Amino acid sequence: MRKTALFLIIGLLVSMGISQSDKSASFKSKVPPQKQETVDVDVELGVESITKNQDGTYSIAIYMMNSSPVAGYQMDFEPDANLNIITMHGGKSEELGYLMKASENGKVLGFSMQGASIPVSSSDNLAENIIFVLIADIKADPGKTIGITLEETVIAGVGGVKLEAAVDSYNFAVEKNN
C-alpha cells in the first residue's frame, strides 16, 4: 500500500512538472568554466562539494539556486556505474520536512506532503543553498577523475509549474589510498 501511494505521488509530481511551463521568473545562471554564455533559467543545480567520510563513503552536497519557489524535484545522478547512493539527508529539504528518497542506481526524489516549498535563494553562496547531501560509494580507481552530473531533472514549482533548470557538471578526482 505504501509503495503504491509513493508511486502515485511520484507520478503526480512528474506529470505536474511536465504538464505546465512558467518562464516568468528567471535569473542568469552562473557560468561553469567550460561554458561561454549565460542561460535564463529558474533553477541551477550542481555539486557544491564532495568529501570523503571516515568509513570510506563520500558526502556529496547538492546545491540549488532558484528564482522561484520549488515544490519538488526528481533527478538521476550520472555516471551511475561509478556512484552507489546509500542515503540522502540534510539541507533545505530536511529543514522543510521533505520526503526524500534515493535509490542505489542514482535516482533521487524530494517533495513535501504538507505542501512546503523551498524558498527563492537569498544568497549567491552555494554552501548556503544546499538542498540535500548524498552519502554514496564511489567506485572508481584511485586517482581517476570522474564527472558527476544530473540527468532527467524535473523541478516542479508551486502548483505543479515546470521550472526550467540548468545543471552544472562536477569533475571529481577519486582519492588515492594512503
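The structure displayed is predicted, hence computed values, not measured ones.

Each value, and the rule that gives it
- Within every chain, residues take consecutive numbers counted from 1 along the sequence as written.
- In view of the model being predicted, local features appear only for residues whose pLDDT reaches at least 70, and side-chain atom pairs are presented and counted only at 80 or more, with totals across whole chains, interfaces and linings using the full set of residues.
- To get the side-chain values, take all heavy atoms of the structure and skip hydrogens and water.
- The set of buried Ala, Val, Leu, Ile, Met, Phe, Trp, Tyr and Cys residues whose side-chain atoms join them within 4.5 Å is what this entry labels a nonpolar core.
- Under the scheme applied here, a residue whose accessible area is under 20% of the maximum for its type counts as buried, over 50% as exposed, and between as partly exposed, the area being computed with a 1.4 Å probe on protein chains only.
- Where helices and strands are cited, they refer to DSSP runs of H or I of at least four residues and of E of at least two residues respectively, numbered from the N terminus.
- We call two residues in contact whenever any of their non-hydrogen atoms come within 4.5 Å of each other.
- Every case where a carboxyl oxygen of Asp or Glu lies within 4 Å of a side-chain nitrogen of Lys or Arg is listed as a salt bridge.
- Stacked, edge-to-face and tilted are the three classes for Phe, Tyr and Trp ring pairs, Trp counted by its six-membered ring, which pair at centre distances within 6.5 Å; planes under 30 degrees apart are stacked, over 60 edge-to-face, the rest tilted.

A. Geometry of the nonpolar core. The biggest cluster of nonpolar side chains holds 32 residues, and the ones touching the most others in it are Ile 60, Tyr 73, Met 75, Phe 77, Phe 132 and Ile 138. Listed by contribution, the elements that provide at least two residues to this core are strand E3 (43-52), strand E4 (58-66), strand E5 (70-78), strand E6 (83-89), strand E9 (130-138) and strand E10 (145-157). Ranked by residue count, the leading element in this core is E9, at five residues. Sequence-distant contacts of Phe 77, that is, excluding residues within four places in its chain, are made with Ile 62, Leu 83, Ile 85, Asn 105, Gly 106, Val 108, Phe 132, Leu 134, Ile 148, Thr 149 and Leu 150.

B. Quick look at the pattern of salt bridges. The final tally for this structure, using the stated rule, is one salt bridge. A salt bridge links Lys 107 to Asp 76, with the shortest nitrogen-to-oxygen separation between them at 2.9 Å. Of this pair, Lys 107 sits in strand E8 (residues 107-111) while Asp 76 sits in strand E5; the two residues are 31 residues apart in sequence, bridging distant segments of the chain. The exposure class assigned to Asp 76 is buried, which follows from its relative accessible area of 9%.

C. Spatial organisation of the packing of aromatic side chains. Per the counting criterion, the structure on display carries four aromatic pairs. Arranged with centres 5.4 Å apart and planes meeting at 85°, the rings of Tyr 58 and Phe 172 form a pair that is edge-to-face. Here Phe 172 lies in strand E13 (residues 170-173) and Tyr 58 lies in strand E4, a separation of 114 residues in the sequence. Judged by relative accessible area, Tyr 58 falls into the buried class, the value being 4%. When the centroid spacing of 6.5 Å and the interplanar angle of 75° are considered together, the rings of Phe 77 and Phe 132 count as edge-to-face. Taken together, the residues span a long stretch of sequence, with Phe 77 in strand E5 and Phe 132 in strand E9 at a distance of 55 residues. Phe 132 carries the same exposure label as Phe 77, and that label is buried. Taken together, the ring pairs connect Tyr 73, Phe 77, Tyr 98 and Phe 132 into an aromatic cluster.

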